[in-house]
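Commentary on secondary and tertiary structure
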Amino acid sequence: AEQWWRMGAAKSFEQFEKALAMDAFPMLNIVYADQNDNLMLRSQTHLPQRKVGPNWNGVIMGIDTSYIWHAPIPYQNRPVHKNPKNGVLWNANNSPYSCTCDGIEKAPDATLAFPGIQTIETNRSYRIQELLDSLGCPDSPEAIRRFKYDRQYPKSGYVWNGFRNHLEGAKPVPEDLKPIFNVLY
């Protein structure tokens, strides 16, 4: 509760970052913006600091005690985006690597550097990517509203693929599913 209070009471970017450094949240992406045009997304994820070497994305034999972790990756070493060039950040419960129009800043070995960090995308982040592909990065209040109030489901991702697979071979679309299909499609 104290970290939430300090974040809300912060009068500057520096005070906000100092509140975040309390590191009291185990699993959040935090987005910050202020009147001085500062923007930031910081991953507060408490990922284990693990031994270098094993492929932590695969199966690890649990018989070697050197694989036991004792502390999370230090706060200052976790993914952070500060003041992207294009002035746009978002968070849709997506990976912290795909939160800006400056491009995905995921290094090829990011899942090795941060084993366990989320790299999958949510339906909302798939839709944001579709909007970026068709409209470009929002550069005006009107464009931001277009993104914010978009109600279309993405035409990629697990919901769309599951729905499409469910209806495969079911032609025509059953009457009771037409309203749902029309929203998705």
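Residues numbered from 1 in each chain as written. Predicted model: local features only at pLDDT ≥ 70, side-chain atom pairs only at ≥ 80, totals over all residues. Heavy atoms only, no water.

Attention now goes to unusual backbone geometry. Backbone geometry places D37, a non-glycine residue, at a positive phi of 65 degrees. One can find D37 in the loop between β1 (29-33) and β2 (39-43). Residue classification places D37 among the exposed positions, given a relative accessible area of 66%. (Helix = DSSP H or I, 4+ residues; strand = E, 2+ residues; numbered from the N terminus. Buried < 20%, exposed > 50% of the residue type's maximum accessible area, 1.4 Å probe, protein only.)

What follows concerns the confidence of the model for the protein. Atom-level detail of predicted coordinates should not be read off regions where pLDDT is low. Scored by pLDDT, the protein comes out at a mean of 81, with 84% of its residues at no less than 70. Within the protein, the lowest mean pLDDT, 52, falls on helix α3 (residues 110-113), and the highest, 95, falls on helix α2 (residues 13-20). (pLDDT = per-residue confidence, 0-100.)

We now examine the packing of aromatic side chains. For the coordinates displayed, the defined rule picks out 3 aromatic pairs. Ring geometry for F13 and Y32: centres 5.1 Å apart, planes at 35 degrees, overall tilted. Taken together, the positions of F13 in helix α2 and Y32 in strand β1 put the pair 19 residues apart, joining distant regions of the chain. Exposure remark for F13: the relative accessible area of 10% places this residue in the buried category. Counting every residue linked through ring pairs, the aromatic cluster contains F13, F16 and Y32. Here the guanidinium or amino end of R42 rests over the ring plane of Y75, the centre of that ring lying 4.2 Å away. (Phe/Tyr/Trp six-rings, centres within 6.5 Å; stacked < 30°, edge-to-face > 60°. Lys NZ or Arg CZ within 6 Å of the ring centre and 35° of its normal.)

Before going further, it helps to spend a moment on the environment of E121. Structurally, E121 can be placed in the loop between α3 and α4 (123-135). Aside from chain neighbours lying at most four places away, what touches E121 is N94, S95, S98, Y126 and Y158. Within polar-contact distance, the side chain of E121 engages the side chain of S125 at 2.8 Å. (Contact = heavy atoms within 4.5 Å. Polar contact = N/O pair within 3.5 Å; in protein donor to acceptor, adjacent residues only side chain to side chain.)

Take the nonpolar core next. In a soluble, globular protein the nonpolar side chains are often hidden away together inside. In this structure, M7, F13, F16, A19, L20, F25, I30, Y32, M40 and Y75 together form the largest nonpolar core, which totals 10 residues. Elements represented by at least two residues in this core include exactly α2 and β1. Counting residues per element, this core draws most heavily on α2, at 4 residues. Ignoring any residue separated from it by four or fewer positions in sequence, one finds L20 in contact with Q3, M7, I30, M40, R42, Q44 and Y75. Residues V88, W90, A92 and L132 belong to the second largest nonpolar core, which totals 7 residues. (Core = buried A, V, L, I, M, F, W, Y, C linked by side-chain atoms within 4.5 Å.)

The 3 strands lie next to each other as β1-β2-β3, forming an open sheet whose pairing is antiparallel. Looking at strand neighbours, the two that pair on one side only are β1 and β3 (80-82), the edges of this open sheet. The average undirected angle you get between the axes of adjacent strands in this sheet is 10 degrees. Taken together, the 5 bridges between β1 and β2 define a ladder with antiparallel strand orientation. Note on β2: the bridge partner recorded for I30 is R42. Contacts between α2 and the sheet are confined to β1, β2 and β3, with β2 contributing the most and set at about 5 degrees to the helix. (Pairing = 2+ DSSP bridges. Axes fitted to C-alpha atoms, helices over the stretch in contact; angles between N-to-C directions.)

Take the layout of surface pockets next. Its volume calculated, the largest pocket comes out at about 530 Å³. Around the largest pocket sit 24 residues that line it, and W90, I128, I144, F147 and K148 are the ones nearest its centre. Within the residue set of the lining of the largest pocket, elements represented by two or more residues are α4 and α5 (141-148). Counting residues per element, the lining of the largest pocket draws most heavily on α4, which supplies 5 residues. In terms of residue class, the lining of the largest pocket is built from 13 nonpolar, 5 polar and 6 charged. (1 Å grid on protein atoms, 1.4 Å probe; cavity = no way out; pocket = protein on both sides within 12 Å on 5 of 7 lines; lining within 4 Å. Points joined across faces, edges and corners; volume = space filled by probe spheres on them. Nonpolar A, V, L, I, M, F, W, Y, C, P; charged D, E, K, R; others polar.)

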